[in-house]
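A look at the structure
Single-letter residue listing:
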Amino acid sequence: MNHDPKASPIPDETSSIWFDTVHLPSFQLLKENLVTEVTIVGAGITGITSAYLLAKAGLKVALIDAGQLCSGTTGHTTAKITAQHSLIYDELIGHVGEEKARLYYKANQEAVDWIANMVRKHDIHCDFQEQPAIVYAEMEKEAGKIEKELEAYNKLGIPCRVANSLDLPLQVKKALIMPHQAQFHPLMYLHFLISRLAKMDVPIYEQTMAVDIEESGSCIVRTEEGYRITSRDVLICSHFPFYDKGFYFARMYPERSYLMAVETENPIPEGMYISAGEPKRSIRSLSAGKPVVLVGGENHKTGRGENTSLHFQKLAHFAGDVLGKMKIINHWSAQDYTTLDKIPYIGRLSSAKKHIYVATGFRKWGMTSGTLAARLLSDQILERDNPYSSVFSPSRFAADPMVRRFVIENSKVAAHLIKGKIERARTSVDDLENDQGIIISLNGKRAGAYKDEKGKIVVVDTTCTHMGCEVNWNQGERTWDCPCHGSRYKPTGEVIDGPARKPLNLLFAESKDTESKDTEREG
Ligand code: FES
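A few points on the structure. (Residues numbered from 1 in each chain as written. Predicted model: local features only at pLDDT ≥ 70, side-chain atom pairs only at ≥ 80, totals over all residues. Heavy atoms only, no water.)

Focus on the overall build of the chain
Helix and strand counts for the chain come out as 11 helices and 28 strands. Across the 523 residues in the chain, those meeting the buried criterion constitute 57%. Intrachain contacts of the chain at a sequence separation of at least 6 include 70% that bridge at least 24 residues. Here the chain has roughly 22300 Å² of accessible surface; of this, 49% comes from carbon and sulfur atoms. (Helix = DSSP H or I, 4+ residues; strand = E, 2+ residues; numbered from the N terminus. Buried < 20%, exposed > 50% of the residue type's maximum accessible area, 1.4 Å probe, protein only. Contact = heavy atoms within 4.5 Å. Areas by Shrake-Rupley, 256 points an atom, 1.4 Å probe, with all protein chains shown as cover.)

Written out as C-alpha coordinates, the structure reads:
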(Lines give C-alpha, C1' and ligand atoms only; values in the text may rest on other atoms or scores of the structure.)
Protein backbone atom coordinates (compact mmCIF):
# COMPACT_ATOMS: atom_id res chain seq x y z
CA MET A 1 0.00 0.00 0.00
CA ASN A 2 2.16 2.87 -1.25
CA HIS A 3 1.20 6.39 -0.40
CA ASP A 4 1.05 8.80 -3.28
CA PRO A 5 2.27 12.05 -1.75
CA LYS A 6 0.30 13.96 -4.40
CA ALA A 7 -2.86 12.62 -2.82
CA SER A 8 -2.10 14.63 0.30
CA PRO A 9 0.18 17.59 -0.30
CA ILE A 10 2.33 18.81 2.58
CA PRO A 11 1.12 22.30 3.56
CA ASP A 12 3.64 25.14 3.03
CA GLU A 13 3.46 26.49 6.56
CA THR A 14 4.53 24.45 9.56
CA SER A 15 2.27 24.69 12.59
CA SER A 16 1.70 22.49 15.62
CA ILE A 17 -1.76 20.96 15.95
CA TRP A 18 -1.71 21.74 19.67
CA PHE A 19 -1.60 25.50 19.07
CA ASP A 20 -4.20 25.25 16.30
CA THR A 21 -6.73 23.64 18.64
CA VAL A 22 -6.35 25.63 21.88
CA HIS A 23 -6.15 29.29 22.66
CA LEU A 24 -3.88 29.98 25.63
CA PRO A 25 -4.23 33.27 27.51
CA SER A 26 -1.61 35.89 26.76
CA PHE A 27 0.39 37.97 29.22
CA GLN A 28 2.24 41.29 29.22
CA LEU A 29 5.97 41.78 29.03
CA LEU A 30 7.63 42.62 32.38
CA LYS A 31 8.04 46.39 32.70
CA GLU A 32 9.09 46.82 36.32
CA ASN A 33 11.44 45.37 38.91
CA LEU A 34 10.00 42.54 41.00
CA VAL A 35 10.77 40.92 44.32
CA THR A 36 9.53 37.40 44.89
CA GLU A 37 10.60 34.13 46.50
CA VAL A 38 11.13 31.95 43.42
CA THR A 39 11.74 33.08 39.83
CA ILE A 40 10.94 30.52 37.17
CA VAL A 41 12.45 31.10 33.74
CA GLY A 42 10.68 29.19 30.97
CA ALA A 43 6.94 28.54 30.75
CA GLY A 44 6.70 25.09 29.25
CA ILE A 45 5.35 22.07 31.16
CA THR A 46 8.30 22.12 33.62
CA GLY A 47 8.04 25.81 34.47
CA ILE A 48 4.24 25.88 34.68
CA THR A 49 4.01 22.71 36.80
CA SER A 50 6.79 23.97 39.09
CA ALA A 51 4.99 27.30 39.51
CA TYR A 52 1.77 25.45 40.34
CA LEU A 53 3.42 23.21 42.96
CA LEU A 54 5.41 26.00 44.61
CA ALA A 55 2.52 28.48 44.68
CA LYS A 56 0.27 25.78 46.10
CA ALA A 57 2.86 25.21 48.85
CA GLY A 58 2.53 28.90 49.74
CA LEU A 59 5.62 30.41 48.07
CA LYS A 60 5.58 33.66 46.10
CA VAL A 61 6.47 32.77 42.53
CA ALA A 62 7.02 34.71 39.30
CA LEU A 63 7.02 32.96 35.91
CA ILE A 64 8.62 34.48 32.81
CA ASP A 65 9.11 33.28 29.25
CA ALA A 66 11.22 34.70 26.41
CA GLY A 67 8.35 34.11 23.98
CA GLN A 68 4.80 32.88 24.28
CA LEU A 69 3.71 30.30 26.90
CA CYS A 70 4.46 26.72 25.78
CA SER A 71 5.88 27.88 22.45
CA GLY A 72 9.02 25.76 22.83
CA THR A 73 9.19 21.98 22.91
CA THR A 74 6.03 21.69 25.05
CA GLY A 75 3.93 23.03 22.18
CA HIS A 76 5.62 20.74 19.66
CA THR A 77 5.62 17.40 21.46
CA THR A 78 4.02 14.04 20.66
CA ALA A 79 2.41 14.40 24.13
CA LYS A 80 2.95 10.80 25.17
CA ILE A 81 3.06 10.46 28.95
CA THR A 82 5.14 7.40 29.61
CA ALA A 83 7.99 5.75 31.48
CA GLN A 84 8.78 3.70 28.35
CA HIS A 85 11.42 5.84 26.71
CA SER A 86 11.91 3.67 23.64
CA LEU A 87 14.69 1.19 24.60
CA ILE A 88 16.45 2.52 27.71
CA TYR A 89 16.36 0.18 30.71
CA ASP A 90 18.87 -2.44 29.55
CA GLU A 91 21.26 0.40 28.68
CA LEU A 92 20.66 2.14 32.01
CA ILE A 93 21.33 -1.03 33.99
CA GLY A 94 24.62 -1.38 32.10
CA HIS A 95 25.64 2.21 32.72
CA VAL A 96 24.29 3.23 36.12
CA GLY A 97 23.30 -0.09 37.70
CA GLU A 98 20.05 -1.75 38.63
CA GLU A 99 19.20 0.45 41.59
CA LYS A 100 19.43 3.75 39.70
CA ALA A 101 17.67 2.29 36.65
CA ARG A 102 14.79 1.25 38.93
CA LEU A 103 14.65 4.72 40.46
CA TYR A 104 14.58 6.24 36.95
CA TYR A 105 11.56 4.07 36.11
CA LYS A 106 9.78 4.81 39.39
CA ALA A 107 10.31 8.57 39.08
CA ASN A 108 8.85 8.53 35.58
CA GLN A 109 5.93 6.24 36.42
CA GLU A 110 5.08 8.45 39.40
CA ALA A 111 5.01 11.43 37.03
CA VAL A 112 2.58 9.53 34.75
CA ASP A 113 0.37 8.73 37.74
CA TRP A 114 0.58 12.30 39.05
CA ILE A 115 -0.73 13.72 35.78
CA ALA A 116 -3.49 11.06 35.71
CA ASN A 117 -4.52 12.01 39.26
CA MET A 118 -4.54 15.71 38.44
CA VAL A 119 -6.78 15.10 35.44
CA ARG A 120 -9.15 12.92 37.46
CA LYS A 121 -9.24 15.09 40.57
CA HIS A 122 -9.85 18.36 38.72
CA ASP A 123 -11.82 16.89 35.84
CA ILE A 124 -9.42 18.51 33.35
CA HIS A 125 -10.75 18.31 29.79
CA CYS A 126 -7.55 17.53 27.91
CA ASP A 127 -8.31 14.39 25.85
CA PHE A 128 -6.46 12.34 28.45
CA GLN A 129 -6.53 8.65 27.59
CA GLU A 130 -4.83 5.75 29.29
CA GLN A 131 -2.92 3.84 26.59
CA PRO A 132 -0.22 1.19 26.55
CA ALA A 133 3.21 2.31 25.32
CA ILE A 134 4.62 -0.06 22.70
CA VAL A 135 8.16 -0.31 21.36
CA TYR A 136 8.32 -2.56 18.30
CA ALA A 137 11.06 -4.22 16.26
CA GLU A 138 10.87 -4.85 12.52
CA MET A 139 14.34 -6.39 12.12
CA GLU A 140 15.84 -9.46 13.80
CA LYS A 141 18.68 -7.51 15.43
CA GLU A 142 16.15 -5.07 16.91
CA ALA A 143 14.07 -8.02 18.15
CA GLY A 144 17.20 -9.10 20.05
CA LYS A 145 17.32 -5.68 21.70
CA ILE A 146 13.66 -6.04 22.70
CA GLU A 147 14.53 -9.39 24.33
CA LYS A 148 17.26 -7.67 26.35
CA GLU A 149 14.92 -4.84 27.27
CA LEU A 150 12.39 -7.43 28.44
CA GLU A 151 15.05 -8.98 30.69
CA ALA A 152 15.72 -5.50 32.08
CA TYR A 153 11.99 -4.94 32.73
CA ASN A 154 11.85 -8.23 34.59
CA LYS A 155 14.90 -7.37 36.71
CA LEU A 156 13.44 -3.98 37.59
CA GLY A 157 9.91 -5.27 38.17
CA ILE A 158 8.37 -3.19 35.37
CA PRO A 159 4.93 -4.52 34.35
CA CYS A 160 4.87 -5.52 30.68
CA ARG A 161 3.78 -8.00 28.04
CA VAL A 162 5.26 -9.11 24.74
CA ALA A 163 3.62 -9.47 21.31
CA ASN A 164 4.93 -11.06 18.11
CA SER A 165 2.75 -8.95 15.83
CA LEU A 166 0.71 -5.77 15.94
CA ASP A 167 -2.57 -4.88 14.34
CA LEU A 168 -0.85 -2.34 12.06
CA PRO A 169 0.59 -2.91 8.57
CA LEU A 170 4.16 -3.14 9.87
CA GLN A 171 6.51 -6.15 9.63
CA VAL A 172 6.74 -6.52 13.40
CA LYS A 173 9.02 -9.25 14.75
CA LYS A 174 8.56 -8.41 18.42
CA ALA A 175 6.95 -5.71 20.54
CA LEU A 176 7.29 -4.82 24.21
CA ILE A 177 4.17 -3.33 25.78
CA MET A 178 4.11 -1.22 28.96
CA PRO A 179 0.52 -0.90 30.21
CA HIS A 180 -1.09 2.05 32.04
CA GLN A 181 0.68 4.85 30.24
CA ALA A 182 -1.21 7.79 28.72
CA GLN A 183 -1.58 10.52 26.12
CA PHE A 184 -3.28 13.91 26.23
CA HIS A 185 -3.57 17.34 24.68
CA PRO A 186 -0.69 19.14 26.43
CA LEU A 187 -1.97 22.67 26.00
CA MET A 188 -5.50 21.85 27.20
CA TYR A 189 -3.92 20.34 30.31
CA LEU A 190 -1.57 23.30 30.84
CA HIS A 191 -4.40 25.74 30.20
CA PHE A 192 -5.94 24.40 33.39
CA LEU A 193 -2.69 24.82 35.38
CA ILE A 194 -2.28 28.36 34.02
CA SER A 195 -5.83 29.22 35.17
CA ARG A 196 -4.92 27.91 38.63
CA LEU A 197 -1.79 30.09 38.66
CA ALA A 198 -4.00 33.11 37.90
CA LYS A 199 -6.26 32.16 40.84
CA MET A 200 -3.21 31.99 43.11
CA ASP A 201 -2.06 35.45 41.86
CA VAL A 202 1.15 34.14 40.31
CA PRO A 203 2.48 36.87 38.01
CA ILE A 204 3.25 35.59 34.50
CA TYR A 205 5.16 37.53 31.85
CA GLU A 206 5.62 36.68 28.20
CA GLN A 207 8.16 38.12 25.71
CA THR A 208 10.44 38.62 28.72
CA MET A 209 13.88 37.23 28.04
CA ALA A 210 16.17 36.51 30.99
CA VAL A 211 19.74 37.37 30.02
CA ASP A 212 21.75 36.98 33.19
CA ILE A 213 21.69 36.08 36.87
CA GLU A 214 23.57 38.00 39.52
CA GLU A 215 24.23 36.34 42.83
CA SER A 216 24.69 38.67 45.76
CA GLY A 217 22.93 37.11 48.72
CA SER A 218 19.75 36.82 46.69
CA CYS A 219 19.55 35.92 43.01
CA ILE A 220 18.78 38.73 40.59
CA VAL A 221 17.48 37.71 37.18
CA ARG A 222 18.12 40.46 34.64
CA THR A 223 15.83 40.76 31.66
CA GLU A 224 16.67 41.96 28.16
CA GLU A 225 14.61 45.10 28.79
CA GLY A 226 16.78 45.95 31.79
CA TYR A 227 14.44 44.94 34.65
CA ARG A 228 15.43 42.87 37.69
CA ILE A 229 13.61 40.06 39.46
CA THR A 230 15.04 39.46 42.92
CA SER A 231 14.36 36.16 44.66
CA ARG A 232 15.95 33.56 46.87
CA ASP A 233 15.74 30.77 44.26
CA VAL A 234 15.76 30.61 40.48
CA LEU A 235 14.55 27.70 38.38
CA ILE A 236 15.90 27.54 34.84
CA CYS A 237 13.34 25.64 32.78
CA SER A 238 14.23 27.31 29.48
CA HIS A 239 14.91 24.13 27.49
CA PHE A 240 18.62 24.90 26.99
CA PRO A 241 19.80 26.64 30.22
CA PHE A 242 20.09 30.34 29.31
CA TYR A 243 22.60 30.78 32.15
CA ASP A 244 25.21 28.16 31.35
CA LYS A 245 27.56 28.01 34.31
CA GLY A 246 27.90 24.26 34.16
CA PHE A 247 29.25 23.59 30.64
CA TYR A 248 25.85 22.28 29.58
CA PHE A 249 26.66 23.08 25.95
CA ALA A 250 29.40 20.45 26.10
CA ARG A 251 27.33 17.92 28.05
CA MET A 252 24.27 17.68 25.78
CA TYR A 253 23.71 17.34 22.06
CA PRO A 254 20.70 18.67 20.12
CA GLU A 255 18.48 16.68 17.77
CA ARG A 256 15.59 17.69 15.58
CA SER A 257 12.60 15.49 14.88
CA TYR A 258 9.49 15.88 12.75
CA LEU A 259 5.80 15.37 13.33
CA MET A 260 2.63 15.45 11.31
CA ALA A 261 -1.05 15.17 12.18
CA VAL A 262 -3.04 13.30 9.54
CA GLU A 263 -6.74 12.64 9.11
CA THR A 264 -7.43 9.02 8.28
CA GLU A 265 -10.49 6.99 7.45
CA ASN A 266 -9.95 4.43 10.18
CA PRO A 267 -8.67 4.76 13.73
CA ILE A 268 -5.44 2.96 14.72
CA PRO A 269 -5.58 0.21 17.36
CA GLU A 270 -5.12 1.27 20.98
CA GLY A 271 -1.50 2.13 21.85
CA MET A 272 1.30 4.66 21.50
CA TYR A 273 3.93 3.16 19.23
CA ILE A 274 7.62 3.76 18.72
CA SER A 275 10.10 1.84 16.57
CA ALA A 276 13.10 0.21 18.22
CA GLY A 277 15.24 0.78 15.12
CA GLU A 278 16.10 3.54 12.70
CA PRO A 279 14.72 5.56 11.11
CA LYS A 280 12.77 6.35 14.25
CA ARG A 281 8.99 6.23 13.86
CA SER A 282 6.35 7.25 16.38
CA ILE A 283 2.60 6.77 16.04
CA ARG A 284 -0.25 7.77 18.35
CA SER A 285 -3.89 8.63 17.92
CA LEU A 286 -5.38 11.99 18.70
CA SER A 287 -8.79 12.11 20.23
CA ALA A 288 -10.81 14.18 17.78
CA GLY A 289 -14.11 13.99 15.84
CA LYS A 290 -12.52 12.30 12.83
CA PRO A 291 -9.69 9.84 13.40
CA VAL A 292 -6.50 11.90 13.53
CA VAL A 293 -3.12 10.23 14.00
CA LEU A 294 0.23 11.81 14.88
CA VAL A 295 3.15 10.32 12.99
CA GLY A 296 6.67 11.36 13.97
CA GLY A 297 10.34 10.53 13.61
CA GLU A 298 13.23 11.26 11.22
CA ASN A 299 15.45 12.38 14.12
CA HIS A 300 18.81 13.87 13.23
CA LYS A 301 21.43 16.06 14.83
CA THR A 302 20.60 19.76 14.47
CA GLY A 303 22.17 21.91 11.75
CA ARG A 304 23.85 19.28 9.60
CA GLY A 305 22.75 21.16 6.49
CA GLU A 306 20.53 18.59 4.76
CA ASN A 307 17.24 19.61 3.16
CA THR A 308 14.91 19.17 6.12
CA SER A 309 11.82 19.25 3.85
CA LEU A 310 12.82 15.72 2.81
CA HIS A 311 12.15 14.52 6.36
CA PHE A 312 8.51 15.58 6.08
CA GLN A 313 8.23 13.82 2.73
CA LYS A 314 9.61 10.60 4.19
CA LEU A 315 7.17 10.81 7.10
CA ALA A 316 4.29 11.40 4.66
CA HIS A 317 5.26 8.24 2.77
CA PHE A 318 5.42 6.27 6.00
CA ALA A 319 2.04 7.63 7.15
CA GLY A 320 0.49 6.68 3.78
CA ASP A 321 1.95 3.15 3.99
CA VAL A 322 0.63 2.59 7.51
CA LEU A 323 -2.67 4.45 7.40
CA GLY A 324 -3.72 4.26 3.75
CA LYS A 325 -5.74 7.19 2.47
CA MET A 326 -4.98 10.21 4.60
CA LYS A 327 -4.78 13.98 4.60
CA ILE A 328 -1.98 15.95 6.28
CA ILE A 329 -3.51 18.69 8.40
CA ASN A 330 -0.47 19.92 10.35
CA HIS A 331 3.25 19.33 10.27
CA TRP A 332 5.96 20.74 12.50
CA SER A 333 9.31 19.92 14.04
CA ALA A 334 10.89 20.06 17.48
CA GLN A 335 14.32 20.20 19.04
CA ASP A 336 15.40 18.08 21.98
CA TYR A 337 18.61 17.79 23.96
CA THR A 338 20.14 14.50 25.06
CA THR A 339 22.57 14.30 27.96
CA LEU A 340 25.75 12.24 27.99
CA ASP A 341 24.10 9.30 29.79
CA LYS A 342 20.54 9.94 28.47
CA ILE A 343 19.29 10.83 32.00
CA PRO A 344 18.00 14.43 32.27
CA TYR A 345 19.90 16.99 34.36
CA ILE A 346 17.51 18.06 37.15
CA GLY A 347 18.70 19.81 40.30
CA ARG A 348 21.19 22.49 41.33
CA LEU A 349 22.88 24.08 38.29
CA SER A 350 26.26 23.15 39.81
CA SER A 351 27.49 22.30 43.27
CA ALA A 352 28.60 25.95 43.67
CA LYS A 353 25.14 27.34 42.85
CA LYS A 354 23.00 26.66 45.89
CA HIS A 355 19.92 28.60 44.78
CA ILE A 356 19.92 28.16 41.01
CA TYR A 357 18.23 25.03 39.70
CA VAL A 358 17.99 23.58 36.22
CA ALA A 359 15.90 21.00 34.35
CA THR A 360 17.03 20.03 30.87
CA GLY A 361 18.03 17.16 28.57
CA PHE A 362 14.66 15.37 28.41
CA ARG A 363 15.41 13.77 25.00
CA LYS A 364 11.94 13.17 23.50
CA TRP A 365 10.15 12.55 26.76
CA GLY A 366 9.41 16.03 28.04
CA MET A 367 5.82 15.57 29.23
CA THR A 368 6.84 12.93 31.77
CA SER A 369 10.35 14.25 32.48
CA GLY A 370 9.07 17.84 32.77
CA THR A 371 6.48 16.78 35.35
CA LEU A 372 9.05 14.67 37.18
CA ALA A 373 11.42 17.66 37.15
CA ALA A 374 8.79 20.03 38.55
CA ARG A 375 8.07 17.64 41.42
CA LEU A 376 11.75 17.07 42.14
CA LEU A 377 12.75 20.75 41.98
CA SER A 378 9.84 21.90 44.09
CA ASP A 379 10.77 19.30 46.72
CA GLN A 380 14.37 20.56 46.69
CA ILE A 381 13.28 24.19 47.08
CA LEU A 382 10.85 23.27 49.84
CA GLU A 383 13.67 21.26 51.46
CA ARG A 384 11.75 18.02 51.33
CA ASP A 385 13.53 14.71 50.74
CA ASN A 386 13.12 13.32 47.27
CA PRO A 387 14.36 9.78 46.58
CA TYR A 388 15.30 10.63 42.98
CA SER A 389 17.61 13.61 43.55
CA SER A 390 20.89 11.76 43.10
CA VAL A 391 19.78 9.92 39.92
CA PHE A 392 19.05 13.18 38.10
CA SER A 393 21.65 15.41 39.77
CA PRO A 394 23.40 17.57 37.13
CA SER A 395 26.64 17.20 39.11
CA ARG A 396 26.78 13.42 38.65
CA PHE A 397 29.60 12.10 36.58
CA ALA A 398 30.22 8.43 35.90
CA ALA A 399 33.23 7.19 33.98
CA ASP A 400 31.22 5.26 31.43
CA PRO A 401 29.52 6.22 29.18
CA MET A 402 29.80 9.89 30.02
CA VAL A 403 33.50 10.38 29.38
CA ARG A 404 33.35 8.51 26.10
CA ARG A 405 30.26 10.43 24.92
CA PHE A 406 31.79 13.71 26.11
CA VAL A 407 34.88 13.09 23.97
CA ILE A 408 32.84 11.95 20.94
CA GLU A 409 30.41 14.90 21.04
CA ASN A 410 33.10 17.50 21.57
CA SER A 411 35.36 16.12 18.87
CA LYS A 412 32.35 16.37 16.51
CA VAL A 413 32.01 20.02 17.53
CA ALA A 414 35.68 20.63 16.73
CA ALA A 415 35.23 18.90 13.35
CA HIS A 416 32.20 21.09 12.53
CA LEU A 417 34.09 24.18 13.55
CA ILE A 418 36.96 23.40 11.18
CA LYS A 419 34.78 22.09 8.33
CA GLY A 420 32.61 25.24 8.41
CA LYS A 421 35.67 27.49 8.22
CA ILE A 422 37.28 25.81 5.22
CA GLU A 423 34.07 25.14 3.28
CA ARG A 424 33.76 27.18 0.05
CA ALA A 425 30.28 28.23 -1.09
CA ARG A 426 29.34 26.99 -4.55
CA THR A 427 26.15 29.02 -4.82
CA SER A 428 25.40 32.71 -5.20
CA VAL A 429 22.46 35.03 -4.58
CA ASP A 430 21.45 34.55 -8.24
CA ASP A 431 20.60 30.92 -7.40
CA LEU A 432 18.05 31.96 -4.76
CA GLU A 433 14.35 31.39 -5.23
CA ASN A 434 11.73 33.15 -3.13
CA ASP A 435 11.42 31.85 0.43
CA GLN A 436 14.76 30.05 0.23
CA GLY A 437 18.10 30.33 2.00
CA ILE A 438 21.58 29.32 0.81
CA ILE A 439 25.23 29.67 1.74
CA ILE A 440 27.09 32.19 -0.42
CA SER A 441 30.49 33.80 -0.50
CA LEU A 442 30.52 37.51 0.31
CA ASN A 443 33.85 39.29 -0.12
CA GLY A 444 35.51 35.89 0.14
CA LYS A 445 33.77 35.03 3.43
CA ARG A 446 31.06 32.47 4.09
CA ALA A 447 27.64 34.12 4.51
CA GLY A 448 23.97 33.11 4.57
CA ALA A 449 21.49 34.62 2.13
CA TYR A 450 17.71 34.39 2.41
CA LYS A 451 15.16 35.67 -0.11
CA ASP A 452 11.71 36.17 1.41
CA GLU A 453 8.33 35.50 -0.25
CA LYS A 454 8.35 38.99 -1.77
CA GLY A 455 11.85 38.63 -3.18
CA LYS A 456 13.71 40.78 -0.61
CA ILE A 457 17.18 39.51 0.24
CA VAL A 458 18.86 39.47 3.62
CA VAL A 459 22.44 38.29 4.23
CA VAL A 460 23.84 37.26 7.60
CA ASP A 461 27.27 36.26 8.83
CA THR A 462 27.01 32.49 9.34
CA THR A 463 29.35 32.49 12.34
CA CYS A 464 27.34 31.30 15.34
CA THR A 465 27.52 33.84 18.15
CA HIS A 466 27.82 31.10 20.78
CA MET A 467 31.27 29.70 20.05
CA GLY A 468 31.96 30.42 16.42
CA CYS A 469 30.79 27.33 14.49
CA GLU A 470 29.18 27.90 11.10
CA VAL A 471 25.38 27.70 10.89
CA ASN A 472 23.56 25.95 8.04
CA TRP A 473 20.23 26.70 6.39
CA ASN A 474 17.17 24.65 7.38
CA GLN A 475 14.70 24.96 4.52
CA GLY A 476 11.99 22.94 6.36
CA GLU A 477 11.78 25.46 9.20
CA ARG A 478 13.31 28.54 7.50
CA THR A 479 16.00 28.86 10.16
CA TRP A 480 19.79 29.01 10.45
CA ASP A 481 20.84 26.04 12.62
CA CYS A 482 24.17 25.48 14.33
CA PRO A 483 25.54 21.91 14.20
CA CYS A 484 27.69 22.35 17.31
CA HIS A 485 25.29 22.97 20.20
CA GLY A 486 21.97 23.51 18.44
CA SER A 487 21.51 27.30 18.45
CA ARG A 488 18.84 28.32 15.95
CA TYR A 489 18.24 31.71 14.36
CA LYS A 490 15.53 33.37 12.27
CA PRO A 491 16.39 34.08 8.57
CA THR A 492 17.25 37.61 9.67
CA GLY A 493 19.54 36.35 12.43
CA GLU A 494 17.54 36.72 15.68
CA VAL A 495 18.01 33.87 18.20
CA ILE A 496 15.17 31.32 18.44
CA ASP A 497 16.72 28.63 20.58
CA GLY A 498 19.92 27.24 22.05
CA PRO A 499 22.90 28.48 23.96
CA ALA A 500 23.54 31.54 21.72
CA ARG A 501 22.22 34.77 23.21
CA LYS A 502 23.21 37.23 20.49
CA PRO A 503 21.83 37.41 16.93
CA LEU A 504 23.86 36.59 13.83
CA ASN A 505 25.57 39.65 12.45
CA LEU A 506 23.37 41.16 9.74
CA LEU A 507 25.54 41.98 6.70
CA PHE A 508 22.98 43.18 4.21
CA ALA A 509 19.23 43.78 4.05
CA GLU A 510 17.22 44.93 1.10
CA SER A 511 15.08 47.84 2.27
CA LYS A 512 11.31 48.10 1.76
CA ASP A 513 11.63 50.37 -1.26
CA THR A 514 14.04 47.79 -2.75
CA GLU A 515 17.06 50.06 -2.31
CA SER A 516 19.91 48.09 -0.85
CA LYS A 517 21.85 49.03 2.20
CA ASP A 518 24.51 47.50 4.38
CA THR A 519 23.57 47.11 7.98
CA GLU A 520 25.86 46.30 10.85
CA ARG A 521 24.33 45.13 14.10
CA GLU A 522 25.85 44.99 17.53
CA GLY A 523 25.07 42.20 19.93
FE1 FES B 1 27.62 26.52 20.10
FE2 FES B 1 26.80 27.38 17.73
S3 FES B 1 25.61 26.62 19.35
S4 FES B 1 28.82 27.25 18.47
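Re the pairing of strand β21 (residues 445–451)
Side-chain direction in a regular strand flips from residue to residue, so the side chains alternate between the two faces of the sheet. Taken across its 7 residues, β21 has 6 buried, putting it largely inside the fold. In this antiparallel pair of consecutive strands, strand β20 (residues 436–442) and β21, the connection spans 2 residues, and asparagine 443 shows a positive phi of 50 degrees. By the bridge criterion, 5 bridges tie β21 to strand β22 (residues 457–461) in an arrangement that is antiparallel. Counted as the bridge partner of lysine 451 is isoleucine 457 from β22. Hairpin geometry of β21 and β22 is characterised by an intervening segment of 5 residues between the two adjacent antiparallel strands and by a positive phi of about 90 degrees at glycine 455. (Pairing = 2+ DSSP bridges.)

Here's the deal with the sheet that holds strand β24 (residues 479–481)
Taking strand neighbours across the sheet as the criterion, the 4 strands line up as β23-β24-β25-β26 in an open arrangement whose pairing is antiparallel. Edge strands, defined here as strands with exactly one partner in the open sheet, are β23 (472–474) and β26 (495–497). Note that β24 and strand β25 (residues 488–489) share 2 bridges and pair antiparallel. Looking at β25, one finds that aspartate 481 is bridged to arginine 488.

Things to note about the sheet that holds strand β1 (residues 34–35)
Taken in spatial order, the 4 strands of this open sheet run β1-β11-β10-β9, and their pairing is mixed. The sheet terminates laterally at β1 and β9 (210–216), the two strands that pair on one side only. Where β9 and strand β10 (residues 218–223) come together, 6 bridges link them in antiparallel fashion. What sits directly across from glutamate 215, in β10, is cysteine 219.

Digging into the nonpolar core
Of all hydrophobic cores here, the largest spans 87 residues; its most connected members are Tyr89, Tyr189 and Phe392. Tallying contributions element by element places helix α4 (residues 98–122) first for this core, with 11 residues. Once you skip the residues sitting within four places of it in the chain, phenylalanine 392 turns out to touch Tyr104, Ala107, Ile343, Pro344, Tyr345, Ile346, Leu372 and Leu376. (Core = buried A, V, L, I, M, F, W, Y, C linked by side-chain atoms within 4.5 Å.)

A short note on the packing of aromatic side chains
Tallied over the full model, the rule gives 12 aromatic pairs. Consider the rings of tyrosine 89 and tyrosine 153, whose centres lie 5.8 Å apart with planes at 80 degrees: the pair is edge-to-face. Residue tyrosine 89 is located in helix α3 (residues 89–96), and its partner tyrosine 153 is located in helix α5 (residues 140–156); the two are separated by 64 residues in the primary sequence. With a centroid separation of 6.1 Å and an interplanar angle of 55 degrees, the aromatic rings of phenylalanine 247 and phenylalanine 249 are classed as tilted. Here the basic side chain of arginine 251 rests over the ring of tyrosine 248, its NZ or CZ set 4.6 Å away from the ring centre. Geometry around tyrosine 345 places arginine 251 over its ring, the cationic atom sitting 4.6 Å from the centre. (Phe/Tyr/Trp six-rings, centres within 6.5 Å; stacked < 30°, edge-to-face > 60°. Lys NZ or Arg CZ within 6 Å of the ring centre and 35° of its normal.)

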